[in-house]
Amino acid sequence: MSMQCPICRSQQVITLDRAKRIGGIVGTVGGAMSGWAASSSGAAVGAEIGGAVGLIGGPVGSAVGSLGGAVLGALIGATTVGVTGAKLGQVIDQKVLHNYVCQNCGLQFGDVHTDQTFE
């Protein structure tokens with residue numbers, strides 16, 4: 001179903017998706033930073049224990065394992081929190097913001113199905 005402008009009835013309507021983009025960016029950056037911090041501290045502890053026991057790779061293997069764990073944690077954190085932020089932004093776009101713009105008359109309006117009149 002295509003969206004129609006409530007004023008001029010044009011079908012040339014686009015979405016702005018501002019909150020979705022902002023939520024995705026903030027979530028990705030925040031998730032990457034927290035994932036890096038959490039996994040690098042955990043990887044450092046794991047590397048310490050592994051070094052004490054005697055890893056096959058020695059100090060180089062321990063360092064590569066720590067860095068690899070931190071990078072993997074950052075990627076996982078960025079992906080999961082970025083997707084969550086984008087989904088939350090999408091809900092805000094649909095329920096709160098005037099997410100639609102008519103290309104014909106320039107009207108910005110919200111989803112007509114979620115707008116309610118209070119009596």
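Structure: see above.
Only a predicted model underlies this, so the values are computations on that prediction, with no experimental measurement involved. (Residues numbered from 1 in each chain as written. Predicted model: local features only at pLDDT ≥ 70, side-chain atom pairs only at ≥ 80, totals over all residues. Heavy atoms only, no water.)

*Asks:* Just give me the short version of the overall build of the chain, but keep the residues and values in it.
*Replies:* Assigned secondary structure in the chain consists of 2 helices and 3 strands. When the helices and strands of the chain are placed in sequence order, the string is β-α-α-β-β. By residue count, 29% of the 119 residues in the chain fall in the buried class. Here the analysis covers contacts within the chain between residues at least 6 apart in sequence; of these, 73% occur between residues at least 24 apart. For the chain, the accessible area works out to roughly 7900 Å², and carbon and sulfur atoms hold 66% of it. (Helix = DSSP H or I, 4+ residues; strand = E, 2+ residues; numbered from the N terminus. Buried < 20%, exposed > 50% of the residue type's maximum accessible area, 1.4 Å probe, protein only. Contact = heavy atoms within 4.5 Å. Areas by Shrake-Rupley, 256 points an atom, 1.4 Å probe, with all protein chains shown as cover.)

*Asks:* Got a sec to walk through a nonpolar patch on the surface? Specific residues and values, please.
*Replies:* On the surface, Leu88, Ile92, Val96 and Leu97 cluster together into a nonpolar patch covering about 340 Å² of accessible area. Mapped onto the secondary structure, Leu97 falls in the loop between helix H2 (58–95) and strand E2 (100–102). (Patch = residues over 30% accessible without salt bridge, like charges linked within 9 Å, V, L, I, M, F, W, Y side chains within 5 Å. Salt bridge = Lys/Arg side-chain N within 4 Å of Asp/Glu carboxyl O.)

*Asks:* Please give an account of the packing of aromatic side chains that cites residues and values.
*Replies:* Applying the stated criterion across every chain, the model contains 1 aromatic pair. Each ring, one from Tyr100 and one from Phe109, has its centre 5.7 Å from the other, and the planes form 25 degrees; the classification is stacked. Tyr100 sits in the buried class, given a relative accessible area of 15%. A relative accessible area of 6% places Phe109 in the buried class. (Phe/Tyr/Trp six-rings, centres within 6.5 Å; stacked < 30°, edge-to-face > 60°.)

*Asks:* Before we move on, could you go through the side chain of Asp93 and cite the residues and values that matter?
*Replies:* Tracing the backbone through its elements, the reader meets Asp93 in helix H2. For Asp93, which is buried and forms no salt bridge, the nearest opposite charge comes from Arg18, at a distance of 5.7 Å. Here Lys20 takes part through its backbone nitrogen, which lies 3.1 Å from a polar atom of the side chain of Asp93. With sequence-adjacent residues up to four places away left out, Asp93 is seen in contact with Asp17, Arg18, Ala19, Lys20 and Asn99. (Lys, Arg positive; Asp, Glu negative; His and termini not counted. Polar contact = N/O pair within 3.5 Å; in protein donor to acceptor, adjacent residues only side chain to side chain.)

*Asks:* Got a sec to walk through the side chain of Ser10? Specific residues and values, please.
*Replies:* Mapped onto the elements of the fold, Ser10 is located in the segment before strand E1 (13–15). Ser10 sits in the buried class, given a relative accessible area of 10%.

*Asks:* Could you give an account of the sheet that holds strand E3 (residues 108–109), with specific residues and numbers?
*Replies:* In space, the 3 strands of this open sheet follow the order E1-E2-E3, with antiparallel pairing throughout. Looking at strand neighbours, the two that pair on one side only are E1 and E3, the edges of this open sheet. Here E2 pairs with E3 via 2 bridges, running antiparallel. Opposite Val101, over in E3, you have Gln108 as the bridge partner. (Pairing = 2+ DSSP bridges.)

Purely spatial values, then, with no claim about function.
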